[in-house]
Amino acid sequence: MVTRVDGIVVGSAAISSADPADFVFASSPLAADSRVDVALANAGTVDGQARSLRVHYLMSGTTVLQPSTGGMSFDAGNGLAAFDSVNAAPTTQNLLTANGALRSKWPAANMTDTFTLRASARLAANVGPIVKVLVDGVVIGTVEVRSTTPADITLPTLPVKPGQRVEVVYTNAEAGRDLQLAYAISGKTFLRATDNALAAAWPEANLTDSLLVRARGDLAGGVGPTMQVTVDGILVGNVEVRSTEHADYRFAVPAMTPGRKLDIAFVNDGVVNGVDRNLYVAYATTGNTVWLPGAAGNRYDRGSGVAAFDGQDVVAPSGNMVWGGALRTTWSEPNITSTVNVRASAVPAGGVGALMTLWVDGVAVSAANVTSSAPTDFVMPTTPLKPGSKVVVGISNPGTVDGTERQLNIGYLVSGSTFLTPTTQGATYAAGVLSAAWPAANLTESVTVRAYATVAGGVGAMLQLRVDGVIVGTVEVRSATPADYKLAVPKLSAGSRIDVVYTNDAAVNGVDRNLFVQHVQTSNGILVPFASNVTLDEGAGEAAFDGATVSASSGAMHRNGALRFTVPVATASAGASEMAASRFLQQASFGPTPEDVQRVAQIGASAWLDEQIALPFNADMVDAVQSRFALGDAYRPGGTNYTTAWVPQRFWASAATSPDQLRRRMGFALHQILMVSLADSSLAFHARAYAKYVDDINRHALGNYRTLLETITLSPAMGVYLSHIRNRPESATSGRMPDENFAREVMQLFTIGLHELNADGSLKTGANGQPVESYTNEDVMALSKVFTGWSWAFPDGELTESVFRYRSPDLSAAADQRIDTLPMKAYPGQHSTAEKRLFSGKPQAVVMAAGGSAQSDLKTALDALFNHPNVGPFISRQLIQHLVSSHPSNAYVGRVAAVFNNNGKGVRGDLAAVARAILLDSEAVNPPATSVGKLREPVARVAHWMRSLQATSKSGQYTIVYDLDGIGQKPFYAGSVFGYFRPGYVPPNTVFSADSTTVPEMQIVNEATTAQWVNLAQRMAGDGLDVTAQMQPLTDLVSLGKLEAVIERLNLLLYAGRMSSTLKQDIMDAMLSVSGNTASSHLNRARAALFLALASPEYLVQR
Amino acid sequence: MTRPYRADASRRSFLRAVSSLAATAAIPQHGLPLASSLAGLAALASQSSHAATTGGYKALVCLYMNGGSDSHNWVVPTDATGYADYAKARGELAWAANGLQPLSMTGQAAGRSFGMPTELSPLRELYEAGQAAIVANVGPLVRPINKAEYLLGTGLPAKLYSHNDQASTWQSLSPEGARSGWGGRMADILMSANAQPVFTAVSASGNAVFLSGTSVSQYQVGPEGPVAASAMGSGSVFGSASAGAALQRAYAAQTTDRLQMEYARVMQRGMTASTTLQAALSNVNVPAIPSTAIAQPNSVATTLDKLSLARQLRMVLQVIAANQTLGMRRQVFMVQMGGFDTHNNQMRDQPAQMAQVAQSIQYFMTALTALGLQNNVTLFTASDFGRTLLSNGDGSDHGWGSHHFVVGGAVKGKKIYGDFPVTALGTSTDVGSGRLLPTLGVSQLAGSLAGWMGLNATEQQMVLPNLASFGAGPSLFA
């Protein structure tokens, strides 16, 4: 073998070893690009054996040249022909079988890595084990191991590649000499000895993690503390900590899975010139785990060398290592398990952005490079932030380049349910560094955004929610139908700004991505995009908040931008006193108006009753008819413009607007007891007489029942209706008997009823256990004689039999004497002079001696009826049913009847006292749970609507005539003297039939009337009647976005606070489901709300 | 006195049905299998046992005259003695002899003859054609009694002469407060024959106890057909997409509020049924009501097609005509007319009432014949009570027994059933002022009608608990 360097033969040797052996040649220093040749000069075959030369590598200094790595050529030839570049070809062969030279340029130093062997030895004859270290067949060193404790032997090496064979060969084994191999390490790879041998393929890199140790040192004698880092016994780092400020030292370590043993050792403690050398370890971290020296479970094992690991002299763990020793720990589970969203922007300098570092309790848990001048979100890992955690986030590379100062601007931090802004109380913010104790959770509320989107390119609309500028969350809206997206927000208060931001508008393949926001539900109420104080600020990024391109919105977001809401002052729901007032007014009036509710809430129900009772009576019914009559004969009976409907029209007008509500409500209840119905064709021409009948009832509705009874008895309308007008006495000659009609009904319906009653309205039973009939047909016949001799009140001089029997008032304009508005008169000679016996055999027995006058008999008979003990309970129970409860308890009836019997001043029949007793009774004010309540009769439903919604008549005439035809109660057109429904009605096949609960209004409830009510409610909510609701107060609330207030108003005025949460939600949804933000869509929302409030089955029940 | 209605056998069969239903369906809390849902009722009907003969199609129509019709003037003796008695007792309320048209056969004693006012001519023609019969002096009775018993007050129905109570008694055999009527109790037994049990008892004129059974509830059809609430379930109410559905949910929701629950239940029943009925009615073709002029007292003349009774009957005809579409075999209907409480102005008002009733019935029969259903439907009249023979000078007062009509192709007509009383005061049937002591109980008339509808003797007694107290009723049908 001949070796040349730069053409100079530096040596030749005959190689006789079949095994690789080293041949050393002196040479001038080899420099890169030095020409190096190794030639075989004596190829040949002897005895069939071919002579050959294998050149494994050439090594000089820290450079190795291996044919197998390529870059050499083989120049065939003998002698100098081996170097003539003739017959030369690149090769990777290292076996030379023909004469020629392997030729190459000397490479640059390539043993740039180090290979460290950790080993200890026992010496023999003062000679340690001598080991040869081979890497990929290259002997990178031959060393004697002399340390008796594990020590590192470091050799330069070519970079060791995975799969290359690494071998440590012990060359001088001898008794007493011993070699202990621990591991080899190079670069980011280590290899443990197996069975005290190292001879294996080099593994893949396994020091793949980077462990950061933050530390500083006290230098002594110019030397800093040496910090050795060991993981699972492998020394992965050994540095001198020269920084006196905390600095980061990084070590390649195996993946720091939990359970690994970490030792950080301070190995060169010492005092030089009185200066103590110390090491201060702040923390170590890698991946998602941060380790603090002082943490529980750590040990500080003092000692030098192996003593640092011997378990002796262990003290409390501390990063302040003032003694030599090791901080020993077991690597924990990841604890940087949380993230904090940091919104920040930067002013870069010199093309370098701001390095933003997040420190938590002194640990830099994460960092990010901020380059954008627009606020951007950085999701930074952190240990879980606890209230009180010291949080610092800020720039860690401040500086000025070319006059530009590098800056970092922190917007805010959000993590979990907590956010932190530079303005959070206790925070300091200066020079791009925000420092604060982490606050207690402050995203304690949530808002729910109901939205849907058009998805484009498979991506939904990104909805970002900001509260007072803080992005509290972002969600992708993918649902094509309205869906709820819930996000945590800080506690909201009036004035809080909520922005719903759409950030990723785009069109993909012709599909435009859009976001449609229906509403935002907050704890302070619902926010709707169509409200007048909501703006849509279009634009991407900050342009969504710049106040430019601003418009009103219906919630549709076709472009990027922000829907900007302001949390309003919460709707004050009506207080208990208002609710109670409203409830009281449902019973005591034709329905609460906002003003009445305030009045009753202010002065109380009792004082309000006093006010009402004191109001003077106003005979408006006759006036209403008279004002039409005054228009001429066309408006009088028989005229083309005449109608009886003027009376119910006036009724509606008064119910809606008249201040004497108690009187009116009592009057309508008494009308239903003392029934005269315009449905009777006999009254078709008697609108004015009928108006007088209604006035009569109203006049005495808070007066005395005895007076009312007589007034009604002598009312011409009643006379016509129950046919006792012109009632003639019996005739012995013709056999004619007086008309029994009024006689029967005045007992059955107007005073005593069919059965004898106890004082509490319960039925008396006779000896046979059966109810006792309170009168007989004989009583009817006797009473029929009493009510003879009465007819129209013509002037006293004209009261002849002929006039009695045949003359009707002339109602023409020319001849009208208003006879029909006067009480009937007794006509001489037309009254039955027979003796009349009532209630024979009973305590109430009365005898009217023969020859009595019409007036005296009437007085006696009405006194007898009025004083019958049945009247109190009989009338009281019905009045309770009409005002308060369909099935009052007997005790309630008894209490009211007692007041009827004696108002406390010895007066019987005081209806004002009765009304007060009914309305202020505990069963009215606080009904027991078992109370059935009362189904609102249709008239009450409509009247209630008129008052609560301040309805007005388009025509001014309140022409509600046919509107209630389909729902079974057209006021003043009852089917018969038995009224619109019976007080004793118990609907068959219902829960009520099981226990005989009376629910009168159910008698007009059927498949048709229930459906018609919904239809009427729809018209009442719309504009279908002559009388229309004032929608403006509701519409104003809608346009302000105060939908809860709409519901609360309806709840107060129509439901007296009893509206169910389900219905409230339904009404809310109904309003929300109306699209658009025009005035007409606001009106539609109010109408939909009112419609549901009126049409819902809940409204039908008054409690 | 009031006897609570009991129908033990019927109750047992329904309770059996309930217990077998219980495994699959919720039972309303009050324990009765109510018509809370059509499906539930249909299931119940299909499981209730019945023995009634329910082949073919049959319908019974009650034409109820509110107020107590003065039937003394509807059928008037025309033989010399009879008319003289009549005229004497009635005074100014007597119909002029020349205003009466003769009945050619009556089946009453020899020598007696009867006529009907000209205003009732259409009804008389049906009678003469053998399609109408008269049932004489029928009224509520607990058991047959004589005048002496009446005067002693024994065996009397409760609350005689009281409108509401006697109306209830005619319809249910009990005074006001009765929970079921005999029409409804018949329907209880018959509803299992029907594919749509909800339409077994149908009212065209408001709630009436007649049509309530112990399990059947009346179905109310409006005069123009089933009434729909247009907003219920609508996709847009005032522009709201959700309000209609919300309202529908509200009416379907359960609540502990009993009134609200019952109200909603009626609504629910109506909504479900109206859809079915509306669809069925769209296929029927019932002749229109003729615009025959009907004089009206105290107001302008009108025509039959404008009047409620004829319109109600037309609605009933439509439901009847839809019987095959709906799968109905047995139905009970009720129509009503008011104004019969003629205490005064009787002679003014009665002719118009008669004309309206007679012409409405004529229209009804004509239309039935056109539909080919004249033999499948029987109509009968009823009213609170008859009236006094005696005049009060301008009208009559509350009475008791009265004469009624049974009309239909199946009726053995041209005959007066029962004993037509002597129309005079002081007779054995006059309990005072010419108030008639009934000689036929309502139960007897009802039993005959129930028999035609297919109820056997046992079932008739379930429906009419006091039937056994009477002798055989009128054999009105072949």
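Quick caveat: nothing in here was measured; it's all calculated off a predicted structure. Residue positions are counted from 1 within each chain, in the order its sequence is given. Lettering of chains starts at A and numbering of ligands starts at 1, both following the order in which they are written. A pLDDT threshold of at least 70 governs which residues receive local features in this predicted model, and a stricter bar of 80 or more applies before side-chain atom pairs are shown or counted, although totals over entire chains, interfaces and linings include all residues. Where side-chain values are given, they derive from all heavy atoms of the structure, hydrogens and water being excluded.

Some remarks on the overall build of chain B
Right, so step 1: Assigned secondary structure in chain B consists of 14 helices and 14 strands.
Right, so step 2: For every residue, the accessible area (1.4 Å probe, protein chains only) is compared with the maximum for its type, and the residue is labelled buried under 20%, exposed over 50%, or partly exposed between those bounds. Residues counted as buried form 63% of the 478 residues belonging to chain B.
Right, so step 3: Restricting the contact set of chain B to residue pairs at least 6 apart, pairs at least 24 apart contribute 74%.
Right, so step 4: For chain B, the exposed surface amounts to about 15,500 Å²; the carbon and sulfur share of it is 53%. Strands here are runs of E lasting at least two residues and helices are runs of H or I lasting at least four, both read from the DSSP assignment and numbered beginning at the N terminus. Contact criterion: two residues are considered in contact whenever any of their non-hydrogen atoms come within 4.5 Å of each other. Surface accessibility follows the Shrake-Rupley procedure with a 1.4 Å probe radius. Residue values consider only the protein chains on display as shielding.

Here's the deal with the overall build of chain A
Right, so step 1: Scanning chain A from terminus to terminus reveals 24 helices and 64 strands.
Right, so step 2: The C-alpha atoms of chain A give a radius of gyration of 54 Å, which is well past the 32 Å a tight globule of 1103 residues would have.
Right, so step 3: The buried share among the 1103 residues of chain A stands at 55%.
Right, so step 4: When contacts within chain A are restricted to residue pairs at least 6 apart in sequence, long-range pairs at least 24 apart make up 69% of them.
Right, so step 5: In the structure as shown, chain A presents an accessible area of about 42,100 Å², 52% of it carried by carbon and sulfur atoms.
Right, so step 6: We score Asp and Glu as negative and Lys and Arg as positive, and we do not count His or the chain ends. Lysine's charge is taken at NZ, arginine's at CZ, aspartate's at CG and glutamate's at CD. Between the averaged position of the 84 positive side-chain charges in chain A and that of its 93 negative side-chain charges there is a distance of 4 Å. Our radius of gyration looks at C-alpha atoms and nothing else; its globule reference is 2.2 Å times the residue count to the power 0.38.

Overview of the environment of Val 942 of chain A
All names here are of chain A.
Right, so step 1: On the secondary structure map, Val 942 appears in helix α18 (residues 938–948).
Right, so step 2: Measuring from C-alpha to C-alpha, the distance between Val 942 and Ala 656 comes to 9.5 Å, with 286 residues separating the pair along the chain.
Right, so step 3: Contacts of Val 942, omitting those with residues within four sequence positions, involve Trp 652, Ile 960, Leu 964, Trp 1013, Leu 1016 and Met 1020.

Looking at the packing of aromatic side chains
Ring pairs (aromatic) are described by centroid distance and by the angle formed between their planes.
Residues and elements named next belong to chain A.
Right, so step 1: What counts as a ring pair is set by centres within 6.5 Å for rings of Phe, Tyr and Trp (its six-membered ring), and what kind of pair is set by the plane angle: stacked under 30 degrees, edge-to-face over 60, tilted for all other angles. Evaluated as defined, the whole model comprises 36 aromatic pairs over all chains.
Right, so step 2: Plain terms: the ring middles of Phe 742 and Phe 787 are 4.8 Å apart, the flat faces sit at 90° to each other, and that makes the pair edge-to-face. Taken together, the residues span a long stretch of sequence, with Phe 742 in helix α10 (residues 741–748) and Phe 787 in the loop between α11 (777–786) and β57 (790–791) at a distance of 45 residues.
Right, so step 3: For Phe 787, a relative accessible area of 1% translates into the label buried.
Right, so step 4: Taking the ring centre of Phe 83 as reference, the NZ or CZ of Arg 4 above it sits at 3.6 Å. Counting as a charge over the ring demands two things of the Lys NZ or Arg CZ atom: a distance within 6 Å of the ring centre and an angle within 35 degrees of the ring normal.

Quick look at the interface of chain A and chain B
Accessible area lost upon the coming together of the parts is a frequently used measure of interface size.
Right, so step 1: Counting from both sides, the interface comprises 81 residues of chain A and, opposite them, 71 residues of chain B.
Right, so step 2: The largest per-residue losses of area from chain A upon contact with chain B belong to Asn 989, Glu 1007 and Pro 1097 of chain A, which jointly make up 14% of the total buried on that side.
Right, so step 3: What counts as a salt bridge is simple: a side-chain nitrogen of Lys or Arg found within 4 Å of a carboxyl oxygen of Asp or Glu. Taken together, the connections running from chain A to chain B amount to 8 salt bridges.
Right, so step 4: Across the pair Arg 435 of chain B and Glu 740 of chain A runs a salt bridge whose closest N-O atoms are separated by 2.3 Å.
Right, so step 5: A 3.5 Å cut-off defines polar contacts: any pair of N or O atoms within that distance qualifies, except that in protein one atom must be a possible hydrogen donor and the other a possible acceptor, and neighbouring residues in sequence count only when both atoms are side-chain atoms. Summed over the shared surface of chain A and chain B, the result is 40 residue pairs in polar contact (both at pLDDT 80 or more).
Right, so step 6: For the side of chain A that touches chain B, the residue count by class is 33 nonpolar, 30 polar and 18 charged. Here's the idea: put two parts together, see how much 1.4 Å probe accessible area each one loses, and the total over both is what we call buried area. Amino acid classes used here: Ala, Val, Leu, Ile, Met, Phe, Trp, Tyr, Cys and Pro are nonpolar; Asp, Glu, Lys and Arg are charged; the rest, including Gly, are polar.

As for the nonpolar core
Proteins that are soluble and globular tend to have nonpolar side chains buried together.
Right, so step 1: Side-chain atoms within 4.5 Å link the members of a nonpolar core, which is a set of buried Ala, Val, Leu, Ile, Met, Phe, Trp, Tyr and Cys residues. With 236 residues, the main nonpolar core has Tyr 705, Trp 945, Met 946, Trp 1013 and Phe 1091 of chain A as its most contacted residues.
Right, so step 2: Those residues within four positions of Trp 945 of chain A in sequence are excluded, and the remaining contacts are Gln 950, Met 1020, Leu 1025, Val 1027, Thr 1028, Ala 1029, Leu 1054, Leu 1090, Leu 1094 and Tyr 1099 of chain A.
Right, so step 3: Counting 70 residues, the second largest nonpolar core, distinct from the first, contains Leu 123, Leu 281, Leu 317 and Ala 358 of chain B.

Focus on the sheet that holds strand β10 (residues 88–91) of chain A
To summarise the sheet geometry, strands pair through backbone hydrogen bonds and adopt either a parallel or an antiparallel arrangement.
Residues and elements named next belong to chain A.
Right, so step 1: Pairing is antiparallel in the open sheet, where 6 strands are placed in the order β2-β1-β3-β12-β9-β10. Every interior strand has two partners, whereas the edge strands, β2 (8–12) and β10, have only one. Across this sheet, the average inter-strand angle for adjacent strands is 25°, counted without regard to direction.
Right, so step 2: Here, any two strands with at least 2 DSSP bridges between them count as paired. Taken together, the 6 bridges between strand β3 (residues 35–40) and strand β12 (residues 100–105) define a ladder with antiparallel strand orientation. Note on β12: the bridge partner recorded for Leu 40 is Gly 100. Axis geometry follows a simple rule: fit a line to the C-alpha atoms, using only the stretch in contact for helices, then measure angles between N-to-C directions, giving values from 0 to 180 degrees.

Details of the pairing of strand β29 (residues 299–302) of chain A
Residues and elements named next belong to chain A.
Right, so step 1: With 4 bridges connecting them, β29 and strand β32 (residues 325–330) associate as antiparallel partners. By the bridge assignment for β32, Asp 301 is matched with Ala 326.
Right, so step 2: Here β29 pairs with strand β30 (residues 314–315) via 2 bridges, running antiparallel. Pairing of Asp 301 across the sheet is with Val 314, part of β30.

Some words on the confidence of the model for chain B
Fine structural detail should not be taken from predicted coordinates in areas where pLDDT scores are low.
All names here are of chain B.
Right, so step 1: Known as pLDDT, the predictor's confidence for each residue is given on a scale from 0 to 100. With 89% of its residues at a pLDDT of at least 70, chain B reaches an overall mean of 89.
Right, so step 2: Confidence drops under a pLDDT of 50 for residues 1–49, and excluding neighbours within four residues, the segment shows 72 contacts in the predicted structure.
Right, so step 3: As a predicted assembly, this complex carries a pTM of 0.77 together with an ipTM value of 0.85.

Details of the pattern of salt bridges
Right, so step 1: Counting across every chain of the model gives 64 salt bridges over all chains.
Right, so step 2: Salt-bridge contacts for Arg 103 of chain A lead to Asp 75 of chain A; the nearest nitrogen and oxygen are separated by 3.3 Å. On the criterion of sequence distance, the pair formed by Arg 103 of chain A in strand β12 and Asp 75 of chain A in strand β9 (residues 72–76) is long-range, its members being 28 residues apart.
Right, so step 3: Judged by relative accessible area, Arg 103 of chain A falls into the buried class, the value being 7%.
Right, so step 4: The class for Asp 75 of chain A is buried, based on a relative accessible area of 0%.
Right, so step 5: The shortest N-O distance in the salt bridge between Glu 1007 of chain A and Arg 269 of chain B comes to 2.9 Å. Of this pair, Glu 1007 of chain A sits in helix α20 (residues 1007–1021) while Arg 269 of chain B sits in helix α9 (residues 258–281), each in a different chain. Of the two residues, Glu 1007 of chain A and Arg 269 of chain B, both sit in the buried class.
Right, so step 6: Sharing partners across several salt bridges, the network here consists of Arg 4, Asp 37, Asp 75 and Arg 103 of chain A.

Digging into the sheet that holds β29 of chain A
Right, so step 1: A sheet is described by the order of its strands in space; here 6 strands give the open sequence β23-β22-β25-β32-β29-β30 (chain A), paired in antiparallel fashion. Either end of the sheet is taken by a strand with one partner, and the two such strands are β23 (234–240) and β30 of chain A.

Topic: α20 of chain A
Right, so step 1: When the terminal C-alpha atoms of α20 of chain A are compared, their 22 Å separation across 15 residues agrees well with the 21 Å that a helix rising 1.5 Å per residue should span.
Right, so step 2: Every buried residue of α20 of chain A is accounted for by Glu 1007, Ala 1008, Thr 1009, Thr 1010, Ala 1011, Trp 1013, Val 1014, Asn 1015, Leu 1016, Ala 1017, Met 1020 and Ala 1021 of chain A.
Right, so step 3: Where the residues of α20 of chain A are buried, they touch α18 and α24 (1079–1095) of chain A together with β7 (219–220), α8 (243–252) and α9 of chain B.
Right, so step 4: The opening residue of α20 of chain A, the one whose side-chain oxygen lies 2.8 Å from the backbone nitrogen of Ala 1008 of chain A, is Asn 1006 of chain A. A helix is expected to span 1.5 Å for every residue after the first.

Considering unusual backbone geometry
Residue and element names in this part refer to chain A.
Right, so step 1: Even without glycine at this site, Asp 47 takes up a positive phi of about 55°.
Right, so step 2: Relative to the helices and strands, Asp 47 resides in the loop between β4 (44–46) and β5 (49–51).
Right, so step 3: A relative accessible area of 80% means that Asp 47 is categorised as exposed.
Right, so step 4: You will see that Ser 723, though not glycine, has its phi angle at about 60°, which is positive.
Right, so step 5: Mapped onto the elements, Ser 723 comes out in the loop between α9 (716–721) and α10.
Right, so step 6: With a relative accessible area of 3%, Ser 723 lands in the buried category.

A few points about the pairing of strand β25 (residues 261–266) of chain A
Residues and elements named next belong to chain A.
Right, so step 1: Counting buried positions along β25 yields 5 of 6 residues, so the element is predominantly enclosed.
Right, so step 2: Bridging between strand β22 (residues 226–231) and β25 involves 5 bridges; their strand directions are antiparallel. For Met 227, the partnering residue across the bridge sits in β25 and is Phe 266.
Right, so step 3: Where β25 and β32 come together, 6 bridges link them in antiparallel fashion. Bridge assignment links Leu 262 to a residue of β32, and that residue is Thr 329.

Observations regarding the packing of α18 of chain A against α20 of chain A
Two measures define how a pair of helices packs: the angle their axes make with one another and the distance between the axes.
Residues and elements named next belong to chain A.
Right, so step 1: The N-to-C vectors of α18 and α20 enclose an angle of 15°; their axes lie 12 Å apart at closest approach. Taken together, α18 and α20 sit at an angle that is classed as roughly parallel. Our pair here, α18 against α20, has a crossing hand that is right-handed. The residues of α20 that touch α18, namely those facing Arg 941, Val 942 and Trp 945, are Trp 1013, Leu 1016 and Met 1020. Each angle is binned into one of four classes, with values under 35 degrees roughly parallel, values over 145 roughly antiparallel, values of 65 to 115 roughly perpendicular, and all other values oblique. Note on convention: the crossing is left-handed when the near helix lies turned anticlockwise from the far helix by less than a right angle, right-handed when the turn is clockwise.

Things to note about the packing of helix α14 (residues 871–883) of chain A against helix α15 (residues 890–901) of chain A
Residue and element names in this part refer to chain A.
Right, so step 1: In the contact formed by α14 and α15, the axes pass within 8 Å of each other and the chain directions differ by 120°. By the angle class used here, α14 and α15 are oblique. The element α14 and its partner α15 pack so that their crossing is right-handed. Touching Val 871, Gly 872, Pro 873, Ser 876, Arg 877 and Ile 880 of α14 are Tyr 892, Val 893, Val 896, Ala 897, Phe 900 and Asn 901, all from α15.
Right, so step 2: When its residues are assigned to classes, the contact of α14 with α15 shows 8 nonpolar, 3 polar and 1 charged.

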